[in-house]
Amino acid sequence: GTVFDNPATINFRYTDPGDPAVESQLQVFHFTGGAWTALPLLARDTENNVLTASVASLSLFAVLAPDQDPPETSLVFTGGRRIATPEGVVFASTDTTLSFSVRDPPVGASSGSGVAFTEYRIGDILASFTPKDPPPSISLPPGPASLRFRSFDLAGNTEPVRSAAVGIDGAGPV
């Protein structure tokens, strides 16, 4: 984009997000070098919905509330039969497929930054996938398994590790 000899001051108008807590966190972001970078604000006028920042070049700009919440990952059981114990262990039949559901919570009325990738571990095997990949379908062999998983978003937030104890029952009822 165009680069200025002297920085320019630009006013950015935004739509009131309707939440004073979100509005107090709004920032101006500048897309440069393939990434969004927050600009230091010179002024914040919440009465007129205007943010003022100094810029040294032109490219894409956005007024956003920073995404400070990690993504949320859930283990999904599809098909087969399953039962959960009071301790949280899930016993499932061998025809049950496991997969993940991942979402990045919204920031006010706007969407989150988006999920970057999810990593998961089954025993000693570590694997990952991105939102561009279809979520993996996991078939476990009969017996107990321990799953650990977490997701990362594009703003750099990391979900705390979640875990699930699963028992795959390949035998019929006794």
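Presented here is a report on the structure given in the accompanying data block. (Residues numbered from 1 in each chain as written. Predicted model: local features only at pLDDT ≥ 70, side-chain atom pairs only at ≥ 80, totals over all residues. Heavy atoms only, no water.)

To continue, consider the overall build of the chain. A tally of helices and strands in the chain yields one helix and 14 strands. For the chain, the spread of C-alpha atoms along the three principal axes comes to 80 × 30 × 20 Å. When burial is assessed residue by residue, the chain has 32% of its 174 residues classed as buried. Across the chain, contacts joining residues at least 24 apart in sequence account for 60% of those joining residues at least 6 apart. Accessible surface for the chain amounts to roughly 10500 Å². Of this, 53% is attributable to carbon and sulfur atoms. Mean positive and mean negative side-chain charge positions of the chain (10 and 18 charges, respectively) differ by 7 Å. (Helix = DSSP H or I, 4+ residues; strand = E, 2+ residues; numbered from the N terminus. Buried < 20%, exposed > 50% of the residue type's maximum accessible area, 1.4 Å probe, protein only. Contact = heavy atoms within 4.5 Å. Areas by Shrake-Rupley, 256 points an atom, 1.4 Å probe, with all protein chains shown as cover. Lys, Arg positive; Asp, Glu negative; His and termini not counted. Charge placed at Lys NZ, Arg CZ, Asp CG, Glu CD.)

Another point: the environment of P134. Topologically, P134 is positioned in the loop between β12 (125–129) and β13 (143–153). Counting along the chain gives 50 residues from P134 to A84, while the straight-line C-alpha distance between them is 27 Å.

A few words on the sheet that holds strand β11 (residues 115–122). The strand order β8-β9-β14-β13-β11-β12 describes an open sheet built from six strands, whose pairing is mixed. At either end of the open sheet lies a strand with only one pairing partner, and these are β8 (82–84) and β12. Put simply, the sheet's adjacent strands are angled 25° from each other on average, direction ignored. (Pairing = 2+ DSSP bridges. Axes fitted to C-alpha atoms, helices over the stretch in contact; angles between N-to-C directions.)

Turning our eyes to something else, we now look at unusual backbone geometry. Although it is not a glycine, N49 sits at a positive phi angle of roughly 55°. Relative accessible area serves as the criterion here: at 16%, N49 is assigned to the buried category.

Bringing a nonpolar patch on the surface into the picture now. On the surface, a nonpolar cluster with roughly 300 Å² of combined accessible area is contributed by F31, W36 and L60. Residue position: F31 is located in strand β2 (residues 27–32). Classification of F31 by relative accessible area gives partly exposed; the value is 31%. (Patch = residues over 30% accessible without salt bridge, like charges linked within 9 Å, V, L, I, M, F, W, Y side chains within 5 Å. Salt bridge = Lys/Arg side-chain N within 4 Å of Asp/Glu carboxyl O.)

Let us look at the pattern of salt bridges. Evaluated as defined, the whole model comprises three salt bridges. When the shortest N-O distance is used, the salt bridge between R103 and E72 registers 2.5 Å. In this pair, R103 sits in strand β10 (residues 97–103) while E72 sits in strand β7 (residues 72–78), placing the two residues 31 residues apart along the sequence. Accessibility expressed as a relative area gives 33% for E72, which makes it partly exposed.

Function-wise, these values are silent; they only describe arrangement.
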